[in-house]
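Take a look at the letters that make up each chain.
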Amino acid sequence: MKYLVAVIAGIVSALVLAFILTPQFNDLYIFITDAEPGPDTEDTLIDLFFYVEVPTYFVIGALLGLTAYKKLRKSSITSP
């Protein structure tokens, strides 16, 4: 059950964080690398999104889901 909660939390957080944080990370990447607009930059940003950002968001969400599950499980066991 805890792994199901972790996977669901990971998927939800990946969707939410991708919607909220991806534009800021893309702007930061363009600023740091001084990239010019064009197809090469778009390909790089798409690769960054799929291979770095989404897995990172998923892992963050899964860890938070596991932590929340453990805390909720612990509090439900100890409460009368």
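Residues numbered from 1 in each chain as written. Predicted model: local features only at pLDDT ≥ 70, side-chain atom pairs only at ≥ 80, totals over all residues. Heavy atoms only, no water.

On to the overall build of the protein chain, then. Regarding its fold elements, the protein chain presents two helices and zero strands. Computed over its C-alpha atoms, the radius of gyration of the protein chain comes to 17 Å, more than 25% above the 12 Å expected for a compact globule of 80 residues. Counting only C-alpha atoms, the protein chain reaches 60 × 20 × 15 Å along its principal axes. Counting all 80 residues of the protein chain, 18% fall into the buried class. (Helix = DSSP H or I, 4+ residues; strand = E, 2+ residues; numbered from the N terminus. Rg over C-alpha atoms; globule rule 2.2 N^0.38 Å. Buried < 20%, exposed > 50% of the residue type's maximum accessible area, 1.4 Å probe, protein only.)

Turning our attention to the packing of aromatic side chains. Summed over all chains, the structure comprises one aromatic pair. Between Phe49 and Phe50 the ring centres are 5.1 Å apart and the planes differ by 70°, which places this aromatic pair in the edge-to-face class. When its relative accessible area of 22% is taken as the criterion, Phe49 is described as partly exposed. (Phe/Tyr/Trp six-rings, centres within 6.5 Å; stacked < 30°, edge-to-face > 60°.)

A word on a negative patch on the surface. On the surface, Asp40, Glu42, Asp43 and Asp47 cluster together into a patch of negative charge. Position of Asp43 among the secondary structure elements: in helix H2 (residues 39-78). Residue Asp43 is classed as partly exposed on the basis of its relative accessible area, which comes to 46%. (Patch = residues over 30% accessible without salt bridge, like charges linked within 9 Å, V, L, I, M, F, W, Y side chains within 5 Å. Areas by Shrake-Rupley, 256 points an atom, 1.4 Å probe, with all protein chains shown as cover. Salt bridge = Lys/Arg side-chain N within 4 Å of Asp/Glu carboxyl O. Lys, Arg positive; Asp, Glu negative; His and termini not counted. Charge placed at Lys NZ, Arg CZ, Asp CG, Glu CD.)

In this section: the side chain of Thr41. Summarising the element assignment, Thr41 is placed in helix H2. Setting aside residues no more than four positions away along its own chain, Thr41 makes contact with Ile30, Ala35 and Glu36. (Contact = heavy atoms within 4.5 Å.)

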